[in-house]
Amino acid sequence: MDKSFFMIKPDAVAENNIGGIIAIIEKSNFKIIALKMLLVETKLAKEHYKEHINKPFFKELVEFITSGPSVAIILEGQDCIKNLRDLVGNTNPAKAVQGTIRTKFGVDVGRNAVHASDSSEAAIREIDLFFNTSEIY
Ligand code: DAT
Ligand code: MG
């Protein structure tokens, strides 16, 4: 069993897609072990996305992710990190495989509805950034 950090981003929250996304997650046998709604502040956004600090879209990315509330979630399951990335789909919803969360709920490469950790190192780092151990069940 491993854990991944998953987040429903401001575009999907604003479009009332929290329930639709969580229904897919639960039907896909991931276990929710932590969940909270929060407004990601600039400091946390920059830390979370620090690998992209030199990319041309970094400023836009930080502005978007801090533009409204998100839902931060920790998921657990067999091969959770890989299986969740597969379920989420390509960064660009237009390129994602049909049936993935980003084809259903993503708008464009910036507003792509959800985040999922891309490695076990990233999962550990992101879980620690967003949650205290007392919030994990
Ligand atoms: P992913 O979220 O699929 O792991 P990533 O780590 O490469 O993708 O990028 C993080 C986020 O940055 C991504 O979800 C949306 C934004 N982003 C990536 N590439 C972008 C681009 N070319 N233009 C605008 N935003 C981009
Ligand atoms: Mg990424």
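Above this note sits the structure.
Not measured: the values here are computed from a predicted model.

Trainee: Is there a simple way to think about the nonpolar core in this case?
Mentor: For soluble globular proteins, the rule of thumb is that nonpolar side chains tend to be buried together. Within the largest apolar cluster, 21 residues are counted, with the highest numbers of intra-cluster contacts made by Phe6, Ile8, Ile21, Ile25 and Ile101. Excluding residues within four positions of it along the chain, isoleucine 101 makes contact with Phe6, Ile21, Ile24, Ile25, Leu87, Val88, Gly106 and Val114.

Trainee: Just to check I follow, could you spell out helix α5 (residues 80–88) for this structure?
Mentor: The α-helix winds at 3.6 residues per turn, so residues separated by three or four positions along the chain end up facing the same way. If you check which residues of α5 are buried, you get Cys80, Ile81, Leu84, Leu87 and Val88. Down the axis, α5 shows its buried residues gathered within 130 degrees of arc, on one side only. In this structure, the buried residues of α5 make contact with β1 (2–8), α2 (18–27), β3 (70–77), α6 (101–105), β4 (114–116) and α7 (120–130).

Trainee: Teacher, can you tell me more about the site of ligand 1 here?
Mentor: The environment of ligand 1 is formed by Lys9, Tyr49, His52, Phe57, Leu61, Arg85, Thr91, Arg102, Val109, Gly110 and Asn112. Residue lysine 9 places a side-chain N or O atom 2.9 Å away from an oxygen atom belonging to ligand 1. The separation between an oxygen atom of ligand 1 and a polar side-chain atom of arginine 102 is 3.0 Å. Protein chains bury 78% of the 520 Å² of accessible surface belonging to ligand 1 in isolation. Taking a 2 Å distance to the grid points as the criterion, the majority of the atoms of ligand 1 fall inside the largest pocket. Each residue belonging to the shell around ligand 1 can be placed in one class, and the counts come to 4 nonpolar, 4 polar and 3 charged.

Trainee: What exactly am I supposed to notice about the layout of surface pockets here?
Mentor: Leftover empty space is mapped by rolling, across the atoms, a probe with the size of a water molecule. Taken as a whole, the largest pocket spans an internal volume of roughly 510 Å³. Tyr49, His52, Phe57, Thr91 and Asn112 are, among the 22 residues lining the largest pocket, the residues nearest its centre. Its residues assigned to classes, the lining of the largest pocket shows 8 nonpolar, 7 polar and 7 charged.

Trainee: Looking at this structure, I do not really get unusual backbone geometry. What am I missing?
Mentor: The backbone of asparagine 16 sits at a positive phi, close to 60 degrees, despite the residue not being glycine. In this fold, asparagine 16 is placed in the loop between α1 (10–14) and α2. The exposure class assigned to asparagine 16 is exposed, which follows from its relative accessible area of 69%. Despite not being glycine, alanine 113 has its phi angle at roughly 75 degrees, a positive value. Relative accessible area serves as the criterion here: at 0%, alanine 113 is assigned to the buried category.

Trainee: Sorry, what's going on with the pattern of salt bridges here?
Mentor: By the definition in use, this model includes 7 salt bridges. In this structure, glutamate 47 and lysine 50 form a salt bridge, with 3.2 Å as the shortest nitrogen-oxygen distance. Residue classification places lysine 50 among the partly exposed residues on the basis of a relative accessible area of 41%. Within this structure, Glu47, Lys50 and Arg125 form a network of salt bridges that share partners.

The rules behind these values
- Residues numbered from 1 in each chain as written.
- Chains lettered and ligands numbered in written order.
- Predicted model: local features only at pLDDT ≥ 70, side-chain atom pairs only at ≥ 80, totals over all residues.
- Heavy atoms only, no water.
- Core = buried A, V, L, I, M, F, W, Y, C linked by side-chain atoms within 4.5 Å.
- Buried < 20%, exposed > 50% of the residue type's maximum accessible area, 1.4 Å probe, protein only.
- Contact = heavy atoms within 4.5 Å.
- Helix = DSSP H or I, 4+ residues; strand = E, 2+ residues; numbered from the N terminus.
- Arc of directions from axis to C-beta.
- Near = heavy atom within 4 Å.
- Polar contact = N/O pair within 3.5 Å; in protein donor to acceptor, adjacent residues only side chain to side chain.
- Areas by Shrake-Rupley, 256 points an atom, 1.4 Å probe, with all protein chains shown as cover.
- 1 Å grid on protein atoms, 1.4 Å probe; cavity = no way out; pocket = protein on both sides within 12 Å on 5 of 7 lines; lining within 4 Å.
- Sits in = over half its atoms within 2 Å of the grid points.
- Nonpolar A, V, L, I, M, F, W, Y, C, P; charged D, E, K, R; others polar.
- Points joined across faces, edges and corners; volume = space filled by probe spheres on them.
- Salt bridge = Lys/Arg side-chain N within 4 Å of Asp/Glu carboxyl O.

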